[in-house]
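Next come the chains, spelled out residue by residue.
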Amino acid sequence: MRIAAHERIAALQFAQLDTRLEKIEAMMERLDKRLWLTVYGVVGVILAQAFQSILTVAP
């Protein structure tokens, strides 16, 4: 009886752990998307400034 109870508790704990890991993975995926969006934004601003300076120098 005790072994079955411990097995059920262990199964519940593993299920809870799996749920937590899925949430963490989803948060990491969202963070990854935001990071790449920031990188592309910074590169876009740098390229825009370079293009603007080229247009200013050569009318």
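See the structure shown above.
A quick note: this is a predicted structure, and the numbers were derived from the prediction, not measured.

So, about the overall build of the protein. For the protein, the helix and strand inventory stands at 1 helix and 0 strands. The globule rule puts the C-alpha radius of gyration for 59 residues at 10 Å, and the 26 Å found for the protein is more than 25% above it. If you line up the protein on its principal axes, its C-alpha atoms span 85 × 10 × 5 Å. When burial is assessed residue by residue, the protein has 0% of its 59 residues classed as buried. By element, 70% of the accessible surface of the protein is carried by carbon and sulfur atoms, the whole surface being about 5900 Å². Side-chain charges of the protein comprise 7 positive and 6 negative groups, with the mean position of each set lying 9 Å from the other.

Turning our attention to the environment of Gln52. Tracing the chain through its elements places Gln52 in helix α1 (residues 2-57). A sequence separation of 12 residues divides Gln52 from Tyr40, and the C-alpha atoms of the two residues are 18 Å apart.

A separate point is the pattern of salt bridges. Taken as a whole and judged by the stated rule, the model has 1 salt bridge. We note a salt bridge from Glu29 to Lys33, for which the minimum N-O separation is 3.8 Å. Of this pair, Glu29 and Lys33 both sit in helix α1, 4 residues apart, which is roughly one turn of that helix. Owing to a relative accessible area of 49%, Glu29 belongs among the partly exposed residues under this scheme. Note on Lys33: relative accessible area 56%, which makes it exposed.

Counting across every chain of the model gives 1 aromatic pair. Taken together, a centroid distance of 5.9 Å and an interplanar angle of 35° make the contact between Trp36 and Tyr40 tilted. With Trp36 and Tyr40 both in helix α1 and 4 residues apart, the pair spans about one turn of that helix. The class for Trp36 is partly exposed, based on a relative accessible area of 45%. Residue classification places Tyr40 among the exposed residues on the basis of a relative accessible area of 60%.

Judged by side-chain polarity, Phe14, Leu17, Leu21, Ile24, Met27 and Met28 come together as a nonpolar surface patch covering roughly 620 Å² of accessible area. Following the sequence through the fold, Leu17 ends up in helix α1. What makes Leu17 partly exposed here is its relative accessible area of 42%.

Procedures and definitions
Residues numbered from 1 in each chain as written. Predicted model: local features only at pLDDT ≥ 70, side-chain atom pairs only at ≥ 80, totals over all residues. Heavy atoms only, no water. Helix = DSSP H or I, 4+ residues; strand = E, 2+ residues; numbered from the N terminus. Rg over C-alpha atoms; globule rule 2.2 N^0.38 Å. Buried < 20%, exposed > 50% of the residue type's maximum accessible area, 1.4 Å probe, protein only. Areas by Shrake-Rupley, 256 points an atom, 1.4 Å probe, with all protein chains shown as cover. Lys, Arg positive; Asp, Glu negative; His and termini not counted. Charge placed at Lys NZ, Arg CZ, Asp CG, Glu CD. Salt bridge = Lys/Arg side-chain N within 4 Å of Asp/Glu carboxyl O. Phe/Tyr/Trp six-rings, centres within 6.5 Å; stacked < 30°, edge-to-face > 60°. Patch = residues over 30% accessible without salt bridge, like charges linked within 9 Å, V, L, I, M, F, W, Y side chains within 5 Å.

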